[in-house]
Amino acid sequence: MLEIEIDGKQVTVEDGSTIMDAATKIGAFVPHFCYHKKLSIAASCRMCLVQVEKAPKPLPACATPVTNGMKVWTRSEQAVKAQKGVMEFLLINHPLDCPICDQGGECQLQDLAVGYGGSQSRYEEEKRVVFNKNLGPLVSTDMTRCINCTRCVRFTTEIAGQMELGQAFRGEHAEIMPFVEKTVDSELSGNIIDLCPVGALTSKPFRFSARTWELARRRSVSPHDSLGSNLIVQVKHDVVKRVLPFENEDINECWLSDKDRFSYEGLNSEDRLTVPMLKQDGVWKETDWQTALEFAANGLRKTAKQNGPDSIGALASPHATIEELYLLQKFTRAIGSDSVDFRLRQSDFRADGFREGAPWLGMPISEVASLNRLFVIGSFLRKDSPLLAQRVRQAAKRGLHVSAINASAEEWLLPVKNRVLTAPSAIVPVLLQVVAALAAEKGVNAAEHLGAAIPATVSDEARAIAQSLASGRKVAVWVGNLAVQSEYASEIQQLAEEIARLTGGVFGVIGEAANSVGGYLAKAVPLVGGLNARQMLEQPRKAYLLLNAEPDLDFANPALAQTVLGAAPLVIALSAFKSPSLLAAADVLLPIAPFTETSGTFVNCEGRAQNFNAVARPLGDTRPGWKVLRVLGNLLEFEGFDQNDSEAVAAEALAEGSRPDLGNRLYGLEFKFAGQTAAGFERVSDVSIYAADPLVRRATSLQKTRDAKAPVACASTATLAAIGVASGARVRLKQGQGAAEVLIVADDSVAANCVRVAAANAATAALGAMCGEISVERV
Amino acid sequence: MSGSGLILAGVDGDRTWGLQDYVARGGYSALRKIISEKIPPETIIAELKASSLRGRGGAGFPTGLKWSFMPRSFPGAKYLACNSDEGEPGTFKDRDILRYNPHTVIEGMTIAAYAMGCERGYNYIHGEIFDVYERFEAALAEARAAGLLGQSILGSDFSFELFAHHGYGAYICGEETALLESIEGKKGQPRFKPPFPASYGLYGKPTTINNTETFASVPFIINMGGEAFLNLGKPNNGGTKLFSVSGHVNRPGNYEIAMGTPFAELLEMAGGMRGGRKLKAVIPGGSSAPVLPGNVMMDCTMDYDSISKAGSMLGSGAVIVMDETTCMVKALERLSYFYFEESCGQCTPCREGTGWLYRVVHRIENGLGRKEDLDLLNSVTGNIMGRTICALGDAASMPVQSFIKHFGSEFEYHIENKKCLVPPEVQYEGSQIYVRP
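From a predicted model like this one, the values you see are computed outputs, not experimental measurements.

### What about the overall build of chain B?
Looking only at helices and strands, one finds 18 helices and 11 strands in chain B. Relative to its length of 437 residues, chain B is compact, with a C-alpha radius of gyration of 22 Å against a globular reference of 22 Å. Structurally, chain B occupies a C-alpha span of about 75 × 50 × 35 Å along its principal axes. Across the 437 residues of chain B, 63% fall into the buried class. By sequence separation, contacts in chain B at least 24 residues apart represent 70% of the contacts at least 6 residues apart. Split by element, the accessible area of chain B, about 16,100 Å² in all, is 53% carbon and sulfur. Counting 42 positive and 48 negative side-chain charges, chain B places the centres of these two groups 2 Å from one another.

### Topic: the interface of chain B and chain A
On the side of chain A, 37 residues touch chain B, which itself brings 33 residues to the contact. Summed over both sides, the interface between chain B and chain A buries roughly 2,900 Å², with carbon and sulfur atoms accounting for 51% of that surface. Counting the surface chain B buries against chain A, the share from its top three residues, Glu352, Trp356 and Arg387 of chain B, is 24%. Our count for the contact surface shared by chain B and chain A stands at 5 salt bridges. Salt-bridge contacts for arginine 128 of chain A lead to glutamate 352 of chain B; the nearest nitrogen and oxygen are separated by 3.0 Å. Taken together, the connections running from chain B to chain A amount to 20 residue pairs in polar contact (both at pLDDT 80 or more).

### Remarks on the UniProt feature "domain: 4Fe-4S His(Cys)3-ligated-type" (unreviewed entry) in chain A
UniProt's entry tags residues 78-117 of chain A with the feature "domain: 4Fe-4S His(Cys)3-ligated-type" (unreviewed entry), counted in the numbering of this structure. Split by type, residues 78-117 of chain A is 60% helix and 0% strand. Its first and last C-alpha atoms lie 16 Å apart.

### Topic: the UniProt feature "domain: 4Fe-4S Mo/W bis-MGD-type" (unreviewed entry) in chain A
Taken from the UniProt record, the annotation "domain: 4Fe-4S Mo/W bis-MGD-type" (unreviewed entry) applies to residues 215-271 of chain A. Secondary structure over residues 215-271 of chain A splits into 9% helix and 35% strand, and the C-alpha atoms at its two ends are 25 Å apart.

### Focus: the nonpolar core
All names here are of chain A. Counting residues in hydrophobic clusters, the biggest one holds 74 residues, and the most contacted among them are Phe33, Met87, Leu109, Phe155, Leu388, Val392 and Trp478. Where this core is concerned, the elements lending two or more residues are helix H2 (77-92), helix H3 (108-116), helix H4 (151-159), helix H5 (191-195), strand S17 (373-377), helix H10 (386-397), strand S18 (401-406) and strand S20 (475-479). Leucine 109 has contacts with Phe33, Met87, Leu90, Leu91, His94, Ile147, Pro197 and Val198, leaving out every residue within four places of it along the chain.

### As for helix H14 (residues 489-503) of chain A
Residues and elements named next belong to chain A. Under the 1.5 Å per step criterion, the end-to-end length of H14 is 21 Å for 15 residues, consistent within 8% with the ideal 21 Å. In terms of burial, H14 is largely enclosed, as 14 of its 15 residues are buried. Glycine 504 lies just past H14 and shows a positive phi near 70°.

### Remarks on the domain arrangement of chain A
What the domain assignment reports for chain A is domain 1 (1-76), domain 2 (277-350 + 516-654), domain 3 (365-509) and domain 4 (682-778). Using C-alpha coordinates to define each centre, domain 1 of chain A is positioned 53 Å away from domain 4 of chain A.

### A look at the sheet that holds strand S12 (residues 239-245) of chain A
All names here are of chain A. As summarised here, the arrangement of the 3 strands in space is S10-S11-S12, forming an open sheet in which the pairing is antiparallel. Two strands in the sheet have a free side with no partner beyond their single neighbour: strand S10 (216-221) and S12. Strand-to-strand twist across the sheet, computed as the mean angle between neighbouring axes with direction ignored, equals 35°. Where strand S11 (residues 230-236) and S12 come together, 6 bridges link them in antiparallel fashion. Bridging from a neighbouring strand, glutamine 234 pairs with arginine 242 of S12.

### Structural notes on the packing of helix H8 (residues 322-335) of chain A against helix H19 (residues 625-635) of chain A
Residues and elements named next belong to chain A. Running from N to C, H8 and H19 point in directions that differ by 20°, and their axes come no closer than 8 Å. One way to sum up the angle between H8 and H19 is to call them roughly parallel. Between H8 and H19 lies a crossing of left-handed hand. Each of Glu323, Glu324, Leu327, Leu328 and Phe331 in H8 lies in contact with H19, whose residues at this interface are Gly625, Trp626, Leu629, Arg630, Leu632 and Gly633. Considered class by class, the residues forming the contact of H8 with H19 number 6 nonpolar, 2 polar and 3 charged.

### Looking at the domain arrangement of chain B
Residues and elements named next belong to chain B. For chain B, the domain assignment lists domain 1 (19-232), domain 2 (240-323) and domain 3 (328-430). For domain 1 versus domain 3, the separation of C-alpha centres amounts to 35 Å. Of all residues in domain 1, the largest losses of buried area upon contact with domain 3 belong to Tyr171, Ile172 and Pro190, amounting jointly to 49% of the total for that side. Inspection of the domain 1/domain 3 interface yields 0 salt bridges. Here the residues of the side of domain 1 that touches domain 3 sort into 6 nonpolar, 4 polar and 4 charged.

### Notes on the sheet that holds strand S24 (residues 588-591) of chain A
Residue and element names in this part refer to chain A. Overall, mixed pairing links the 7 strands, which are arranged S14-S13-S24-S23-S22-S15-S16 in an open sheet. The open sheet terminates on both sides in strands that have one partner only, identified here as strand S14 (283-286) and strand S16 (340-341). For strand S23 (residues 570-575) and S24, the ladder comprises 4 bridges, and the chain directions are parallel. Across the sheet, residue serine 575 finds its bridge partner in S24, namely proline 591.

### Quick word on a nonpolar patch on the surface
A cluster of nonpolar side chains, contributed by Phe61, Leu65 and Phe69 of chain B, occupies part of the molecular surface with about 270 Å² of accessible area. Summarising the element assignment, leucine 65 of chain B is placed in helix H4 (residues 63-68).

### Here we look at unusual backbone geometry
All names here are of chain B. Look at the link from lysine 193 to proline 194: it is a cis peptide, with omega at 0°. Looking at where proline 194 falls in the secondary structure, it is placed in the loop between helix H8 (176-183) and strand S4 (207-211). For the peptide bond that leads from proline 194 to proline 195, omega is 0°, which places it in the cis range. Within the secondary structure, proline 195 is located in the loop between H8 and S4.

### A short note on the environment of aspartate 14 of chain B
Residue and element names in this part refer to chain B. Relative to the elements of secondary structure, aspartate 14 occurs in the segment before helix H1 (19-24). For the pair aspartate 14 and phenylalanine 407, spaced 393 residues apart in sequence, the C-alpha to C-alpha distance is 41 Å. In contact with aspartate 14, not counting residues within four places along its chain, are Arg99, Tyr100 and Arg135. A polar contact is formed between the side chain of aspartate 14 and the side chain of arginine 135, at a distance of 3.3 Å.

### Describing the environment of alanine 470 of chain A
All names here are of chain A. Position of alanine 470 relative to the elements: it lies in helix H12 (residues 460-470). The spatial distance from the C-alpha of alanine 470 to the C-alpha of arginine 393 is 21 Å, given a sequence separation of 77 residues. Ignoring any residue separated from it by four or fewer positions in sequence, one finds alanine 470 in contact with Leu438, Glu441, Lys442 and Thr503.

### Considering the pattern of salt bridges
Residues and elements named next belong to chain A. Under the definition given, this model contains 70 salt bridges over all chains. Of the charged contacts, one joins aspartate 341 and arginine 343 as a salt bridge, the two residues approaching to 2.8 Å between their closest N and O atoms. Note on accessibility: aspartate 341 and arginine 343 belong to one class, buried. Beyond isolated ion pairs, a larger network of salt bridges with shared partners links Asp271, Arg345, Glu512, Glu550, Asp554, Arg697 and Arg698.

### Observations concerning the pairing of strand S3 (residues 161-166) of chain B
Residues and elements named next belong to chain B. The pairing of strand S2 (residues 120-125) with S3 spans 6 bridges and is parallel. Counted as the bridge partner of arginine 120 is glutamate 161 from S3. In this view, the connection linking S2 to its parallel neighbour S3 by way of helix H7 (residues 130-145) has right-handed handedness.

Rules and cut-offs
- Residues numbered from 1 in each chain as written.
- Chains lettered and ligands numbered in written order.
- Predicted model: local features only at pLDDT ≥ 70, side-chain atom pairs only at ≥ 80, totals over all residues.
- Heavy atoms only, no water.
- Helix = DSSP H or I, 4+ residues; strand = E, 2+ residues; numbered from the N terminus.
- Rg over C-alpha atoms; globule rule 2.2 N^0.38 Å.
- Buried < 20%, exposed > 50% of the residue type's maximum accessible area, 1.4 Å probe, protein only.
- Contact = heavy atoms within 4.5 Å.
- Areas by Shrake-Rupley, 256 points an atom, 1.4 Å probe, with all protein chains shown as cover.
- Lys, Arg positive; Asp, Glu negative; His and termini not counted.
- Charge placed at Lys NZ, Arg CZ, Asp CG, Glu CD.
- Buried area = accessible area lost by both parts, 1.4 Å probe.
- Salt bridge = Lys/Arg side-chain N within 4 Å of Asp/Glu carboxyl O.
- Polar contact = N/O pair within 3.5 Å; in protein donor to acceptor, adjacent residues only side chain to side chain.
- UniProt positions renumbered as here; feature names shortened; annotations may be inferred.
- Core = buried A, V, L, I, M, F, W, Y, C linked by side-chain atoms within 4.5 Å.
- Expected span 1.5 Å × (residues − 1).
- Domains from an automatic or database assignment.
- Pairing = 2+ DSSP bridges.
- Axes fitted to C-alpha atoms, helices over the stretch in contact; angles between N-to-C directions.
- Parallel < 35°, antiparallel > 145°, perpendicular 65-115°, else oblique.
- Left-handed = near helix turned anticlockwise from the far one by under 90°.
- Nonpolar A, V, L, I, M, F, W, Y, C, P; charged D, E, K, R; others polar.
- Patch = residues over 30% accessible without salt bridge, like charges linked within 9 Å, V, L, I, M, F, W, Y side chains within 5 Å.
- Right-handed = clockwise from strand over helix to strand, strands pointing away.

Encoded structure:
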């Protein structure tokens, strides 16, 4: 610890601290632009120059290490003179047209110019003009305003993991630019807008649509990935204009993924369902709530009476709130059916009934920083959980060794020490080898129930993973979306649990959506013999309740979902949006509020329940989903549907003792791995980052990014040769009855004998399950 | 090219750069002595300290002291770098050393590597002198073939790999940390110090960087002893030094003279003033050093202390001589343009300030000056100096301040009369290279 005096105040700081750290500690503000607590030190803006005892010249607070007994003045004459001098330099080439700048009112340069700038410029020469750059559909540029602080450059390099921006040219000609003809395609790119201290980088979707002081700021929680990023939603006249991060060091730090940041555009999409609708004789008609609700209630009552309550099933999106999911299951069970599920993209449910609790990450998100070994099984980590991947990236810089097994070697922009690329059906055999090698490494036996399955020989790559994990001090084994959605999800989770046990580490499930944990806690799963999501489609019901799910895009087997739901006599859809597939399948559409227009709760992957309030009034006749379900309960005269507000629902749903706890262990599940590999090619499916849920699919700017481009099928060069097509050819993919025509391209990051084709996309919605056999024909 | 002094002694243009000639001049005897007598590294560093050799690149930092900063027992690689990125206007000594006597640099670097325990070294050569880079590569090949460089040098267990690396002509890469960034393949921009290269240098490893001439002096110090080297010059200013004399003299070129030699003698060696004109001003240490009026300069001796006392810097020893036909405003405009063009753009005061300085001086030169411009220039330079990451900001400011300080009246004349104090035809006459007899 070091003693230092700043502006006459004594403060003790840790060894290695800078003057800026010490000043922050005592609350002394040192003006700065290039300094950012999460980025490396550039010391280039020179705004934070302070006076230091015995130093002949002012020193930058951000980069000067504290020494014991140091005396610093941040507002002395020498310091302020230096700061004002720098401010003058920053302003000479900066346009002084704040009234027409989108950053006006929330600009660090503008703010600090009030304190440190002159009232008149001494610079009367010509000002610099810098041409704008095209950074893609999300970030807009006004490069003449750039003060070359390089925060954006350091962000892309250090946090996003790939240098997509750089400072080219020298001196006054220096400009920030992407690589020639390239855009900034990172899934975290929007953060450079927040980081930019001036109006050089602004939000393309938001730009010029409101002034910062016109916006009401309200806290919310992201409804997308399982991280549950904290948001500040900015609203003008009940329209969401912008979403910014709410800093929460435990969850999203000060960042947001582009999905969290820009998905709000979908809220005002033309697809929004704003009035209840009824299909009569095949024709959709707008109606009022009473008619629609009575139609739904009567329909359900009649179905239950005629076919028994078991003929009714409820299918919900994992992006729905705890309140919605809880009342949906309560309502379904009140009818007398146990068939309710929110795991729409899952195919293997054999672990149900053997679970210790709700599958979760197994550890707090913030503890990623202290891991030193991580094994990620079947995950598109970077696109599925961008900010979790970012944490892993930072930990990898500090010595975390990452191993991975997947059917696709997606670039994670972080060092992966051991990577096994294999078909989905071969993941289990490799994991068995890892277990065998680990057991040998540790000199113990593998768990009894695996017994006969443990192989005698172990491949080098499996051994490498085992050795890496065995040498760990703090180990985690994570199961990703591909694994959870696979046909072998139970075996994979059993083996992940065993690997974690053998290494003394943590077994975690990354989780697909905002309420992947919450759905279990809300009991939106079959508990007493009801049907799960897959069974409900394979054994068609007479009536379905759909909660925020679109038949063609939100199910593991979209072809089946569309057929079955289309043929069902009664489909009641609660949805914020209408879509062709909903219009085709449903009989009544009830407009429910998206996350910005209702209060609710999400439980994120670390098991943290985060509630939020509505930030805007519901659009049109939209009603919060939980209220609609409550009224349906009232109409059917069920007990326990008299909650006055969402808090009461949440309190009931998450009441201590009444909900299952978090827990990943699988008790007493027999290990039965058939072990046959598919005869033809295997399908590998990812859910493209901007296709995962109904809201983000309608976010227009995100849909223009490279990540949202039309899906192509990918296969390795060898697989293409085996199929007999060239890269770029058009092929017909077939799965069971379904077929789709797409382009196929060579991509050696896909495992051999596999064809990677995105799910949750209209172009592939005619195909069958997300995993399993697929055939490819030349067109 | 003169054949006097130490480094240039016995050198005869392009004919004698090779290994054979260098050995004939006594070359590699210092290295042989060190290796055969197993002289301990501390003794070499002590010898350098005794010699008072100061860095020849411009800052004049005592070389022995710098070498002693290298951590002795560092686990892992340590690097050595030679700064031959000679880009300052007026400076052209290092390229002649590399062109005409490259082996003395190789020998000096090898001794340095021995003294500091470096396994690898790089000689970063300015990008615009590609022939010199090729010459150095040829010398490296000779040295390697003769067992003087590479693995097991002279059969000992000491190994040192030395590589030539050529830049692309950016002046800023002569700043030592920008040079390291450039070797690493990054954009040449100075690093903030601390940490200094001795603890965090090339690829994050301890690194020592010296100027070409500094390394070239090392073999002579080992051979003659530090004391004798010091005695060639004067106290605190040991040895001989190369001076690159340019401008309005009859025989511009490199002159190696003992430190402490009067300027008048150096001017005499360079053939005196062209056309017998009157000496007006001298920049004694490369374009970033403050200019001194001719009469002040005539009283100086050529060493760090004397020039410093007179208010300038010996710098790299580039002596730019200007006679009475020179318009000082025009001279400053050219210098300011150089710094404006070469600023790396990393930190604010230099990126924005150098352009401002140039534009104001340019305006004055072109008859658009204002009364308040001189105060403005002084104020802007004051806001740049001492506020930047590296010394380029200071280098851009010092000429401006010193030109105004010593020749302010010429600037005022320009501003008031919108023309030069020195008539254009006189300037033209002075600019002619061949002076009519």
